[in-house]
Amino acid sequence: EDADVFRAAAARLRAHQAQVRFEYDDQVGSNEIVAVAHRAAETALDEETPAVQQPDGPSEFDLPGMPLSGLSQRLAHQTIRRTRSRATRARRSTTAHLDAAREAVFAACGRHPSDRDLHLSAFHRDFRRETRQLLWRGKHMAHRCGDFFERMGPEWQHLAVCRLCEDTTDSFEHALMTCEDGVRAQVWRLAEQLWTSRGGEWPALSIGLVLGCGAVSIRNAKRKYDAGATRLFRILIAESAHLIWNLRCDRRIEHADDPDFRHAPQFVKSEFCRVIRSRFDSDHLLTNRRRYGNRALKRNTVNATWRGLFEEQ
């Protein structure tokens, strides 16, 4: 993200003819130079826009490209993607969803994550592949519903409308937040009951909170970071949203949007319990260090996540 700044700084250091020495000093008031540097760094962190817009070092020491001896496939791929992203205009829908997620995360834990943090949070290792895809598509309005069918022509207009809510656009946000389908309300109610059984306070739900749940951090009564509660919160929000979306697709596609069809409350409850239980079982299987090596989950992490929910295990 700050590669240009580091490259320009390295070029200026190479152009410096005298010997350069780096010294670490954690005492802010040790001398005036260190104090000025600390104030400049704090000011730069507080500013929303970087102080250096287009860093430029001495041309003879700032050669473009990278040496082949230090090039790897991963580094080359990241560089190509970063270069292309600079020339790509931000989508209005993506920007709006990122802003909504940022405000929801701030309301939940008191911090404003950057766009990069929000994008990366959707691919957190606490999420399954299916929930990662759901969150990523939701941020970019890539689900084929609502406005997608409205843009396809008059013959597709009927698919853009939610039949349960009287001519309301069947968007991703509508399906998760405001649809009158009883499945949506029941799944969120079950998630709230599971969360409050651990003593947590259920937040106000919004599409921003769903899309930004990977960036939320939970603190305990002593205001310290609670890794287990944070992980459980992410799993509950993401899995609940994924279940609501799956049952919505089942109603609209598998049952041809039959107005008389409804998922039975007992079936919805059993599906919710199955999903949560499946995550619980997979977490315990993933603690096998003999099979998964360094990629295995830590037992303390799994126990902290599910503490008090499955006492028999």
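Once a new chain begins, its residue numbering starts again from 1 and follows that chain's sequence as written. Residue-level local features of this predicted model are given only where pLDDT is at least 70; pairs of side-chain atoms are given and counted only at 80 or more, and the full residue set underlies all totals for whole chains, interfaces and linings. By convention in this description, side-chain values take in all heavy atoms of the structure and omit both hydrogens and water.

Student: Sorry, what's going on with the pattern of salt bridges here?
Tutor: Once the charged atoms of two side chains with opposite charge are near each other, the side chains can pair. Salt bridges are identified by distance alone: a Lys or Arg side-chain nitrogen within 4 Å of an Asp or Glu carboxyl oxygen. Counted by the stated rule, this structure contains 17 salt bridges. In this structure, Arg277 and Asp281 form a salt bridge, with 3.6 Å as the shortest nitrogen-oxygen distance. Separated by 4 residues within a single helix, Arg277 and Asp281 lie in helix 12 (residues 265-285), roughly one turn from each other. Exposed residues in this analysis have more than 50% of their type's maximum accessible area, buried residues have under 20%, and partly exposed residues fall in between, with area computed by a 1.4 Å probe over protein chains only. The class for Arg277 is partly exposed, based on a relative accessible area of 27%. Secondary structure counts use DSSP, requiring at least four H or I residues in a row for a helix and at least two E residues in a row for a strand, with both numbered from the N terminus.

Student: How should I be thinking about the nonpolar core in this particular structure?
Tutor: One broad trend across soluble globular proteins is that nonpolar side chains are buried collectively. Definition of nonpolar core: a set of buried residues of the types Ala, Val, Leu, Ile, Met, Phe, Trp, Tyr and Cys, connected through side-chain atoms within 4.5 Å. Formed by 54 residues in total, the largest nonpolar core has its most connected members in Leu176, Trp188, Trp195, Val210, Phe272 and Trp306. Looking at this core, the elements with two or more residues in it are helix 4 (92-109), helix 6 (129-139), helix 8 (172-178), helix 9 (182-196), helix 10 (207-211), helix 11 (227-254), helix 12 and helix 14 (299-306). For this core, the element with the most residues is helix 11, which contributes 13 residues. Contact between two residues is taken to exist if any of their heavy atoms lie within 4.5 Å; hydrogens are not considered. In contact with Leu176, not counting residues within four places along its chain, are Arg184, Trp188, Ile207, Val210, Ala241, Ile244 and Trp245.

Student: What am I meant to see in a nonpolar patch on the surface here?
Tutor: Nonpolar side chains collect at one region of the surface, where Met66, Leu68, Leu71 and Leu75 lie side by side and expose about 360 Å² of accessible area between them. Structurally, Leu68 can be placed in the loop between helix 2 (32-46) and helix 3 (73-86). Like-charged residues within 9 Å of one another, or nonpolar side chains (Val, Leu, Ile, Met, Phe, Trp, Tyr) within 5 Å, are grouped into patches, provided each residue has over 30% relative accessible area and no salt bridge. Here the Shrake-Rupley method, with its probe set to 1.4 Å, supplies the accessible areas, and only the displayed protein chains count as covering residues.

Student: Help me out: how do you make sense of the confidence of the model for the protein in this one?
Tutor: A low pLDDT means the predicted coordinates there should not be read in detail. Known as pLDDT, the predictor's confidence for each residue is given on a scale from 0 to 100. Mean pLDDT for the protein: 87, with 92% of residues reaching 70 or above. Predicted confidence in the protein is weakest over helix 2, with a mean pLDDT of 75, and strongest over helix 10, with 96.

Student: How do you make sense of the packing of aromatic side chains when you look at a structure like this?
Tutor: What describes a pair of aromatic rings is the distance from one ring centre to the other and the angle between the planes of the rings. Note on ring pairs: Phe, Tyr and Trp rings are taken, using the six-membered ring of Trp, and paired if centres are within 6.5 Å. Classes follow the plane angle, with under 30 degrees stacked, over 60 edge-to-face and the rest tilted. Inspection of the entire model under this criterion finds 5 aromatic pairs. Centre to centre, the rings of Phe148 and Phe149 are 5.3 Å apart; their planes meet at 85°, and the pair counts as edge-to-face. For Phe149, a relative accessible area of 14% translates into the label buried. Aromatic side chains Phe149 and Trp156 sit 6.3 Å apart centroid to centroid with 20° between the ring planes, which places their arrangement in the stacked category.

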